[in-house]
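Tertiary structure, described
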Amino acid sequence: QPEMRVLADEFDVICAAYFLEGDMVHLRERAASISHVGYPVPMGTRTKLRSAQAACFFAHAPEAAEAWLRNAVPPPSAENRERMQQGMGFVRENGYLALVRHPSLTEFDMPVSSIVRAETDDLPVMPLGTIDDAAVYPLAALMAPVFDARGKVDFCLLLAGFHFALTGAQMRETGAKLTAACNRISAFLAG
């Protein structure tokens, strides 16, 4: 909780802990900055795992990723599968996942509750496979894994609610701080 509070306040975002339970993700804990006190996803919410999020949970477990892809209902499109693979590579290389707003969506009018409960693999975000430091990105969230003593992902921390687009360099800096926090939590869990 202290690590989550620092991240939420430093970046003026919500920091949420999502646990993977079968094919569902479960929001178990969160810290919100003052401008995000009314975050619309209630504590305890369980939603279907989507390929965009799966990239973070399965980046270090490709066999588990393939098993999930074989059994996912509905199955991710070929495009979403490719993005997931690129996102997994990005997590392995950088320690975190960057989720940007989908470029085909200029406005997304659906309420968050409808998005998280929809029976589709599509989300209004997509994982990045590469970042150009000088480019500006419509960042939706950053996500990083926390590992248990066996080196398996225990849960992921998600930073969401960024108020402005970020440059690639700013994303890298923020992602590095998120990853460092997750590494400290992992070390604590591993004893």
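Above this text is the structure in question.
Heads up: these notes are all about the structure in this document. Because the structure is a prediction, the values reported are computed rather than measured.

Cut-offs used in this document
As a convention, each chain's residues are numbered from 1 in the sequence order in which they are written. With the structure being a predicted model, the display of local features is reserved for residues of pLDDT at least 70 and the display and counting of side-chain atom pairs for 80 or more, all residues being used for whole-chain, interface and lining totals. Calculated side-chain values reflect all of the structure's heavy atoms, with hydrogen atoms and water omitted. Under the scheme used here, helices are H or I runs from DSSP no shorter than 4 residues and strands are E runs no shorter than 2 residues, and both carry numbers assigned from the N terminus. Relative accessible area decides the class of each residue, using a 1.4 Å probe on protein chains only: under 20% of the type maximum gives buried, over 50% gives exposed, and in between gives partly exposed. We call two residues contacting when some pair of their heavy atoms lies within 4.5 Å. Here the aromatic set is Phe, Tyr and Trp, taking the six-membered ring for Trp, and pairing holds for ring centres within 6.5 Å; pairs whose planes are under 30 degrees apart are stacked, those over 60 apart are edge-to-face, and all others are tilted. In our convention, an over-ring charge means Lys NZ or Arg CZ found within 6 Å of a ring centre and within 35 degrees of that ring's normal. To get an axis, fit a line to the C-alpha atoms, keeping to the stretch in contact for a helix; angles then go from 0 to 180 degrees between the N-to-C directions. If you view the pair so one helix is near and one far, a crossing is left-handed when the near helix is turned anticlockwise from the far one by less than a right angle, and right-handed when it is turned clockwise. Amino acids are sorted into nonpolar (Ala, Val, Leu, Ile, Met, Phe, Trp, Tyr, Cys and Pro), charged (Asp, Glu, Lys and Arg) and polar (every other residue, Gly among them). Strands are treated as partners if at least two bridges between them are detected by DSSP. All tallies of charge rest on Lys and Arg as positive and Asp and Glu as negative; His and the ends of each chain are not included. Only one rule defines a salt bridge in this text: a Lys or Arg side-chain nitrogen within 4 Å of an Asp or Glu carboxyl oxygen. Polar contacts, as used here, are pairs of N or O atoms within 3.5 Å; protein pairs need one atom able to donate a hydrogen and one able to accept it. Residues neighboring in sequence count only if both atoms are side-chain atoms.

1. Comments concerning unusual backbone geometry
Here Val73 and Pro74 are connected by a cis peptide whose omega angle stands at -5 degrees. Of note, Pro74 is situated in the loop between α3 (62-71) and α4 (78-94). Within the chain, Asp12 stands out as a residue other than glycine whose phi angle is a positive 55 degrees. By the secondary structure assignment, Asp12 is in the loop between α1 (2-11) and β1 (14-21).

2. Considerations on the environment of Ile185
Following the sequence through the fold, Ile185 ends up in helix α6 (residues 168-190). The buried category is assigned to Ile185, whose relative accessible area is 16%. As a C-alpha pair, Ile185 and Asn71 span 114 residues in sequence and 31 Å in three-dimensional space. When neighbours within four sequence positions are excluded, Ile185 is seen to be in contact with Glu3, Val146, Phe155 and Leu157.

3. Points about the packing of aromatic side chains
Using the criterion set out here, one finds three aromatic pairs in the structure. Aromatic side chains Phe19 and Phe155 sit 4.6 Å apart centroid to centroid with 25 degrees between the ring planes, which places their arrangement in the stacked category. Here the residue Phe19 occupies a position in strand β1, and Phe155 occupies one in strand β8 (residues 153-160), the gap between them amounting to 136 residues. Like Phe155, Phe19 is buried. With a centroid separation of 6.2 Å and an interplanar angle of 40 degrees, the aromatic rings of Phe58 and Trp68 are classed as tilted. With Phe58 in helix α2 (residues 51-58) and Trp68 in helix α3, this pair connects stretches of sequence that are 10 residues apart. Both residues of the pair, Phe58 and Trp68, belong to the buried class. Over the ring of Phe19 we find Arg28; its NZ or CZ atom is 4.0 Å from the centre of that ring.

4. A word on α2
The buried fraction of α2 is high, at eight of eight residues. By the burial criterion, the buried members of α2 are Ser51, Ala52, Gln53, Ala54, Ala55, Cys56, Phe57 and Phe58.

5. Notes on the packing of α2 against α4
Running from amino to carboxyl end, α2 crosses α4 at an angle of 30 degrees, the nearest separation of the two axes being 8 Å. Judged by the twist between their axes, the crossing of α2 over α4 is right-handed. Residues Ser51, Ala54, Ala55, Cys56 and Phe58 of α2 form the contact with α4, whose participating residues are Asn80, Met84, Gly87, Met88 and Val91. Residue composition of the contact of α2 with α4, grouped by class: seven nonpolar, three polar and no charged.

6. Focus: the pairing of strand β4 (residues 97-101)
Here β4 lies mainly inside the structure; four of its five residues are buried. Where β4 and strand β7 (residues 139-147) come together, four bridges link them in antiparallel fashion. Note on β7: the bridge partner recorded for Ala98 is Leu142. Direction of pairing for β4 relative to strand β5 (residues 125-127): antiparallel, over a ladder of three bridges. What sits directly across from Leu99, in β5, is Pro127.

7. Comments concerning the side chain of Asp121
For Asp121, the location among the structural elements is in the loop between α5 (112-117) and β5. No salt bridge is formed by the buried Asp121; its nearest oppositely charged neighbour, Arg50, is found at 5.5 Å. Here Ser51 takes part through its side chain, which lies 2.7 Å from a polar atom of the side chain of Asp121. A distance of 3.0 Å separates polar atoms of two side chains, one belonging to Asp121 and the other to Asn80. Beyond its immediate chain neighbours, meaning those up to four positions away, Asp121 contacts Arg50, Ser51, Trp68, Pro74, Pro76 and Asn80.

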